[in-house]
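Fold and contact review
For reference, the chains in residue letters:
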Amino acid sequence: MCVCPQCYYGGQCQFKSTAFRLSLDAVLGYHILPHIKMIQQPTIIKFSLALTIIMTIAGFIDGILSVMTFKDQELRSRGCGVYLLGSAITTLFTMSMFALKFSILIITQMSYTTNRSFLNFQCISIDFLLRISLYMDQWLNACVAIDRAITAVKGTSFNKNTSKRLARYVILALILFVISTTIHDPFHRNLSNDNSDDDGENRIWCIASYSSAVKIYDSFVNIFHFIAPFFINLISAIIIIRTTFVLQRNVHPNESYRKILFEQLRQHGHLLCGSFFLVILAIPRIIISLISNCMESINDPWLYVIGYFISFIPSTLTFVLFILPSKNYKGVFRKTIQQYLTTIKRHLHIA
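About the thresholds
Residue numbers restart at each chain and count upward from 1, following the sequence in its written direction. With pLDDT at 70 or above as the cut-off, local features in this predicted model cover only qualifying residues; side-chain atom pairs require 80 or more to be listed or tallied, and sums for whole chains, interfaces and linings still use all residues. Values reported for side chains reflect all heavy atoms of the structure, with hydrogen atoms and water molecules removed beforehand. Helix and strand definitions here come from DSSP, where helices need a minimum of 4 consecutive H or I residues and strands a minimum of 2 consecutive E residues; each element is numbered from the N-terminal end. Each residue after the first adds 1.5 Å to the expected span of a helix. Burial status follows relative accessibility: with a 1.4 Å probe on protein chains alone, a residue under 20% of its type maximum counts as buried, one over 50% as exposed, and anything between as partly exposed. Polar contacts, as used here, are pairs of N or O atoms within 3.5 Å; protein pairs need one atom able to donate a hydrogen and one able to accept it. Residues neighboring in sequence count only if both atoms are side-chain atoms. Definition of nonpolar core: a set of buried residues of the types Ala, Val, Leu, Ile, Met, Phe, Trp, Tyr and Cys, connected through side-chain atoms within 4.5 Å. By definition in these notes, contact holds between two residues if any of their heavy atoms fall within 4.5 Å. Two cysteine sulfurs form what is called a disulfide whenever their separation falls within 2.5 Å. At least two bridges found by DSSP between two strands is the condition for calling them paired. UniProt positions are given in the numbering used here, feature names are shortened, and annotations may be inferred rather than shown by experiment.

Right, let's talk about helix α3 (residues 79-111) for a bit. Residues that lie three or four places apart on an α-helix share one face, since the helix turns once every 3.6 residues. Between its first and last C-alpha, α3 extends 48 Å over 33 residues, near the 48 Å set by a 1.5 Å rise per residue. Buried residues dominate α3, accounting for 24 of its 33 residues.

An ideal rise of 1.5 Å per residue puts 33 Å on 23 residues; helix α5 (residues 160-182) measures up with 33 Å between its terminal C-alpha atoms. Within α5 the residues assigned to the buried category are Ser163, Lys164, Ala167, Ile171, Leu174, Val178, Thr181 and Thr182. Its side-chain oxygen placed 3.0 Å from the backbone nitrogen of Asn161, Asn159 serves as the N-cap of α5.

Ranked by size, the top nonpolar core spans 32 residues in total, and within it Phe70, Tyr83, Leu84 and Tyr329 carry the most contacts. When residues of this core are traced back to their parent elements, those giving at least two are α2 (43-70), α3, α4 (116-154), α5, α7 (212-251), α10 (318-323) and α11 (327-350). Ranked by residues supplied to this core, first place goes to α4 with 8 residues. Residues contacting Phe70, with those up to four places away along its chain left out, are Leu75, Arg76, Gly81, Leu84, Leu85, Ile323 and Tyr329. Formed by 23 residues, the second largest nonpolar core is a distinct cluster that contains Ile45, Met97, Tyr304 and Val305.

Let's shift gears to unusual backbone geometry. A positive phi angle, close to 60 degrees, is found at His35, a residue other than glycine. Mapped onto the fold, His35 is located in the loop between α1 (24-28) and α2. Assessed through its relative accessible area of 47%, His35 is described here as partly exposed.

This model, assessed by the stated rule, comprises 1 disulfide. Each disulfide pairs two cysteine sulfurs, and for Cys123 the partner residue is Cys206, the sulfurs being separated by 2.0 Å. Between Cys123 and Cys206, the S-S torsion sits near 75 degrees, and that sign places the bridge as right-handed. Here Cys206 lies in strand β4 (residues 203-208) and Cys123 lies in helix α4, a separation of 83 residues in the sequence. Like Cys123, the residue Cys206 is buried in the burial classification.

The subject of this paragraph is the pairing of β4. Among the 6 residues in β4, 6 count as buried, and that is most of the element. Of the two faces of β4, both are covered, the one formed by Arg203, Trp205 and Ile207 as well as the one formed by Ile204, Cys206 and Ala208. Sheet topology places strand β3 (residues 189-194) next to β4; 6 bridges connect them, and they run antiparallel. Opposite Arg189, over in β4, you have Ala208 as the bridge partner.

The UniProt feature table records "transmembrane region" (unreviewed entry) at residues 47-70, 82-107, 166-184, 223-247, 268-291 and 303-324. Annotated as 100% helix and 0% strand, the span residues 47-70 places its first and last C-alpha atoms 34 Å apart. Each end of residues 166-184 is marked by a C-alpha atom, and these two atoms are 29 Å apart; helix forms 95% of the span and strand 0%.

This is the structure:
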């Protein structure tokens, strides 16, 4: 073992932490003790395992409840419902990939798995798919905001059939757009051996090696997929509040501006709060991923662990941010639950 300079590590100090980008391999990999039971692993590993289990369960509950709600034909009669159903499905996919990534990292580093075909496949695919699903979730939320804003502006002239038909094409276009802007990632990933253990066994790491130009492009993509959906959400919320304010002002000309404005903020304020809440949760990952110097997670991993896990919280909040604040969606959800309970009771009675 050599004593490595700051930011470098490995058996020959051959790895720099920026080569991992922001992934679990960089954040947790070197803290996993090989051939040691989970109960004896460092606190950071046991904490991450507990957090992964909690977030995965929460994500699956959120996704399943959201899918149950938006299976309703009436809710999917306009684009907003189609986007939210897509967001719910994306949540289930994201949580599946998230749990799979953590499980593979723990198992391979604890047991020294050497199946290079399997390791290479997961290296190329899982982080790439996770990135796509996180971006898709943000853009689908932005599409919901746009659809709501268009509904508020057009009023009774809003065409639900056109909105529903357009939503399908928009989702397909978003999938192609997100993939095309991130397709560089898997082509710059490869496996690297590390002879860093006293017993002579190798660790195998998934490394993302970007050139200077690709790194700049990758940083731009990160910022764009973060900033653009946020501003779309924010502007759409302002348009909705302003449009309904003007409408209420025309209907009730004797009411004070302040009273009407406060009423509109009370009714639609959750749109603004939701936008700011989502962006606050996304900020840590953006800041960490854009740090120009190295990640010192070998010595102090907690900041990076918290930043990494926080970035997945928005994917678990579709039900909380979109269904619970809406009387219509909440009513459909309750009706759906009653239908499921009635079906279960009928089957139990027959049995």
